[in-house]
Amino acid sequence: MKIHEFQTKQLMRSRGLPLCRGVAIGENDPVEETIGQLGSLNFYAVKAQIHSGGRGKGVFTNGVGSGVQLARSATAAAKIARGMLGNYLVTRQTGEGGQIVRRVYVEEGIAVKREIYLAILLDRSIGKLVAMASADGGVDIESAVEFGGKKIFREVIHSPSGIYPYQARRMAMAIGLQEDDLREKFVDLLGKLFTFYWESDASLVEINPLAQTSDGQLVILDGKSIHDDNGLFRQGTLRAMRDCDEEDEREVRASKYGLNYIALPGNIACLTNGAGLAMATMDLLHANGLEPANFLDLGDSTGEDTVTEAFKILCGDIRSRCLLINVFGGAMRGDVVAKGMLRAIDGNPYPFPIVVRMEGAYAAEGLEILKNSIPHSIAVKNMENIPRKIKNIFAKK
Amino acid sequence: MAILIDCNTNVLVHGISGRAAAFHLPYCEAYGTKVVAGVRPGKGGQHYDNRIPIYDTVREAVVQHRIHASLILVPAPCAADSILEAIEGEIPLIICISEGVPTRDMLLVRERLKNSSSLLLGPNCSGIITPGQAKLGIMPNYIHLPGRVGVVSRSGTLTFETVWQLTSRGIGQSTCVGIGGDPVHGLSQLDVIKMFEKDPQTSAMIMVGEIGGEEEEEAAEFIHHYGKKPVAAYIAGVTAPEGKRMGHAGAIIAGKKSGAIHKIRTLEKHGIAVARDPSRIAEALLEICGSQCLRGNH
């Protein structure tokens, strides 16, 4: 689960990590008054809050500039904030239409001497967490890593004890924080950052940049965190931070029923079980010049309700012109899929062709139910016959 | 035997009185699996189906029985704890089916596994089956056929699909292993491939992978340098959008290297026959080694 920058910072602050003072302003909040809470400052940073990277380089469609701007007065900061709120910000991750900005974060601006990159994340190849740091912060670190331009230093973390002080010291030296005072500040910061990562079931914590100020402080300027969906059951504070406005409405609805649904640009609705088979079905359609309208994994649930809900979500997709059911029953049984579908259809017949491929647990029973109750459903025996059948249907129309 | 399990494997089921066990255990037993005991805290002294003794703890179960494998069918929030308890009980093979185990819990499990004598499959996996002998998992029984092809996969249903393609063509399997779809898990593609390489009953292998991580590449490198048996593969997720979690917690494209195309190219470079079409995974293996060497039981 992604959360906003101001939420990440709120969590970081509660763990004693060094941050600038800031206030979040929603669309209905009084802008001037809220900024006034910061007192009179020399610099203000105004930052659009959306779940998307590249805000600093992003551009608002209404012409108010980028997603991160500096101001020299509270009045100027308020003007920028008003320009951002309720408008669309386009970044490299949002797509052409952009994402509406419902909240901005206004922070004290500080004089920065040097910018550092710092992150904690999972290295899957070794099954351990790693801390990564670079003396060249502030840049697009992903592309820097890809092109091998910047020097990145890594320390492997042995869970759950966390990063040892000697590792943090080694990292501090490597990125040019030699002075005793700064180095120890870094050691303290990295220790706290790991605690934050661990205790909040994070899957990524990234600080880019971490600022070294002219008066010898380390301050987190931009903080980002992503949290493990599987750990949310024990993270009440985080659960309350979920911002469904930032997610696809159908994906939110699906997730409430334990379904994994992702909207795609095509016109063939897919009802599949298991992540692997769901992906393979998408790939099969694509390889044959057909385009799936979605990824859907019925998940580990075994109930009719889940299928009913899944089918309703698929029916709500106005672009789809055909429904493909590809179910290989294991935990999810074929007859349960068929019954769940019938319940969803009840009284509202599905107007488009239905192609069904079922194998595995209770597949014969499932096929029988569909044949009797939805006469226009077309059964295919093997996966390889699916594309031809759909092409035939499209050709006839 | 094939690898990891056979008809003599004694099984301990964690969460034996739960919903998942109620659904899957009858099929496991019908397949010949020897379930000798169960664990369910608070139900010690009772019996599953009036036959199989239930214990409060793994420690009590291992005192009373010789256990070769643990099958974990508990809810995800308690799954890591069950794995840790099985490791402490020195159970040689632990299979965790539960889906949705937090990565943080698995990081702790990985640290504990390192200095233990246990092997772990999963979590979030479909389990393992040695056709004709034993099944510790959630796969449909009828799709399997005893034979000589080893199958290893990160996905449950896609393993069923692969196995069914083999069986439909009269080609049997030695053992089919689901390693699970989570980013931090037990045995890797490479670990299982190495076991198949050593197993005299396995003459060829199919590796089913997907986007995310670098396990398939790691296995391919080994196959290229040390592998003596033919390997076919399939990688799911060519059309997966970047940055989206495709059902499995571990199926996410993060950077160019974890995408399907990069994986496919790497595998092909190492001499593995990669099926581009998921309905022709068995065909890909047949094309490189012919049906003759793949048929027959031994």
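### Here's the deal with the overall build of chain A
- When its secondary structure is counted, chain A shows 13 helices and 19 strands.
- Reported as C-alpha extents along the three principal axes, the dimensions of chain A are approximately 80 × 45 × 40 Å.
- The long-range share in chain A, meaning contacts at least 24 apart out of those at least 6 apart in sequence, stands at 68%.
- Element-wise, carbon and sulfur atoms account for 50% of the exposed surface of chain A, whose accessible area totals about 16,800 Å².
- Each charge sign in chain A was given a centre, from 47 positive and 48 negative side chains, and these centres are 2 Å apart.

### Comments concerning the pattern of salt bridges
- Counted by the stated rule, this structure contains 40 salt bridges over all chains.
- Between Asp335 of chain A and Arg333 of chain A there is a salt bridge; the shortest N-O distance is 2.7 Å.
- A salt bridge links Glu210 of chain B to Arg154 of chain B, with the nearest nitrogen and oxygen atoms 3.8 Å apart. Note that Glu210 of chain B is positioned in strand β12 (residues 204-210) and Arg154 of chain B in the loop between β10 (146-153) and α5 (156-168), a separation of 56 residues in sequence. Assigned by exposure class, Glu210 of chain B and Arg154 of chain B land together as buried.

### A short note on the domain arrangement of chain A
- Its domain assignment divides chain A into domain 1 (21-108), domain 2 (112-239) and domain 3 (248-396).
- Each of domain 1 of chain A and domain 2 of chain A has a C-alpha centre, and these two points are 25 Å apart.

### Some remarks on the nonpolar core
- The biggest cluster of nonpolar side chains holds 102 residues, and the ones touching the most others in it are Phe295 and Ile390 of chain A together with Leu25, Leu71, Ile95, Leu136 and Met246 of chain B.
- Here this core takes 8 residues from helix α9 (residues 275-287) of chain A, the largest share from any one element.
- Judged by nonpolar contacts, the second largest core, of 64 residues, contains Met12 and Met171 of chain A together with Ile72 and Ala86 of chain B.

### Remarks on the interface of chain B and chain A
- Every contact between the two is made by 57 residues of chain B and, on the other side, 53 residues of chain A.
- Here chain B and chain A share an interface that buries about 4,300 Å² over both sides, 56% of which is from carbon and sulfur atoms.
- For the pair chain B and chain A, the number of links is 5 salt bridges.
- Close ionic contact of Asp105 of chain B with Arg234 of chain A constitutes a salt bridge, the shortest N to O distance being 2.8 Å.
- The interface formed by chain B and chain A contains 16 residue pairs in polar contact (both at pLDDT 80 or more).
- Broken down by secondary-structure element, the contributors of at least two residues to the side of chain B that touches chain A are α1 (19-30), α4 (103-114), α5 and β13 (231-236) of chain B.

### Remarks on the sheet that holds strand β3 (residues 59-60) of chain A
All names here are of chain A.
- Read across the open sheet, the 3 strands follow the order β3-β5-β6; overall the sheet is antiparallel. Each of the sheet's edge strands pairs with one partner strand only, and the pair in question is β3 and β6 (99-100).
- For β3 and strand β5 (residues 88-90), the ladder comprises 2 bridges, and the chain directions are antiparallel. Its bridge partner lying in β5, Phe60 is registered against Leu89.

### Some words on the packing of aromatic side chains
- On inspection of all chains with the given rule, the structure shows 7 aromatic pairs over all chains.
- On the basis of an interplanar angle of 35 degrees and a centroid distance of 5.5 Å, the ring pair of Phe222 of chain B and Tyr226 of chain B is categorised as tilted. Taken together, the positions of Phe222 of chain B and Tyr226 of chain B, both in helix α7 (residues 215-226) and 4 residues apart, correspond to about one turn of that helix.
- Classification of Phe222 of chain B as buried rests on a relative accessible area of 16%.
- Here Arg333 of chain A stacks its cationic end above the ring of Tyr362 of chain A, 3.7 Å away from the centre of that ring.

### A few points about the sheet that holds strand β3 (residues 47-48) of chain B
All names here are of chain B.
- An order of β3-β4-β2-β1-β5-β6-β7 is seen for the 7 strands of this open sheet, with the pairing classed as mixed. Among the strands making up the open sheet, the edge pair consists of β3 and β7 (119-121).
- In the sheet, strand β2 (residues 34-39) pairs with strand β4 (residues 52-55) via 2 bridges, with the strands oriented parallel. For Val39, the partnering residue across the bridge sits in β4 and is Tyr55.
- The strands that helix α3 (residues 76-88) touches are β1 (10-14), β5 (69-72), β6 (93-96) and β7; relative to β6, the one it contacts most, it runs at about 170 degrees.

### What to know about the pairing of strand β7 (residues 103-108) of chain A
Residues and elements named next belong to chain A.
- Bridging between strand β1 (residues 22-26) and β7 involves 5 bridges; their strand directions are antiparallel. Paired with Gly26 across the strands is Arg103, a residue of β7.
- Two elements, strand β2 (residues 44-48) and β7, share 5 bridges in a ladder whose sense is antiparallel. Along β7, the bridge assignment pairs Ala48 with Val104.

### Some points on α5 of chain B
All names here are of chain B.
- The end-to-end C-alpha separation of α5 is 18 Å, in line with the 18 Å expected for 13 residues at 1.5 Å each.
- In terms of burial, α5 is largely enclosed, as 12 of its 13 residues are buried.
- Taken together, the buried positions of α5 are occupied by Gly156, Thr157, Leu158, Thr159, Phe160, Glu161, Thr162, Val163, Trp164, Gln165, Leu166 and Thr167.
- One side-chain oxygen at the N-terminal end of α5 lies 3.1 Å from the backbone nitrogen of Leu158; it belongs to Ser155.

### Some points on the side chain of Asn260 of chain A
- Considering the arrangement of structural elements, one finds Asn260 of chain A in strand β14 (residues 260-263).
- Take Asn260 of chain A: its relative accessible area is 15%, and that puts it in the buried class.

### Description of the state of the cysteines
All names here are of chain B.
- The tally for this structure, following the rule as stated, stands at 0 disulfides over all chains.
- Here Cys28 stays unpaired: no disulfide links it, and the sulfur of Cys125, its closest cysteine neighbor, is 12 Å away.
- A disulfide-free cysteine, Cys96 has its sulfur positioned 7.0 Å from the sulfur of Cys125, the nearest such atom.
- With relative accessibility at 0%, the residue Cys96 sits in the buried group.

Rules of the game
- Residues numbered from 1 in each chain as written.
- Chains lettered and ligands numbered in written order.
- Predicted model: local features only at pLDDT ≥ 70, side-chain atom pairs only at ≥ 80, totals over all residues.
- Heavy atoms only, no water.
- Helix = DSSP H or I, 4+ residues; strand = E, 2+ residues; numbered from the N terminus.
- Contact = heavy atoms within 4.5 Å.
- Areas by Shrake-Rupley, 256 points an atom, 1.4 Å probe, with all protein chains shown as cover.
- Lys, Arg positive; Asp, Glu negative; His and termini not counted.
- Charge placed at Lys NZ, Arg CZ, Asp CG, Glu CD.
- Salt bridge = Lys/Arg side-chain N within 4 Å of Asp/Glu carboxyl O.
- Buried < 20%, exposed > 50% of the residue type's maximum accessible area, 1.4 Å probe, protein only.
- Domains from an automatic or database assignment.
- Core = buried A, V, L, I, M, F, W, Y, C linked by side-chain atoms within 4.5 Å.
- Buried area = accessible area lost by both parts, 1.4 Å probe.
- Polar contact = N/O pair within 3.5 Å; in protein donor to acceptor, adjacent residues only side chain to side chain.
- Pairing = 2+ DSSP bridges.
- Phe/Tyr/Trp six-rings, centres within 6.5 Å; stacked < 30°, edge-to-face > 60°.
- Lys NZ or Arg CZ within 6 Å of the ring centre and 35° of its normal.
- Axes fitted to C-alpha atoms, helices over the stretch in contact; angles between N-to-C directions.
- Expected span 1.5 Å × (residues − 1).
- Disulfide = S-S within 2.5 Å.

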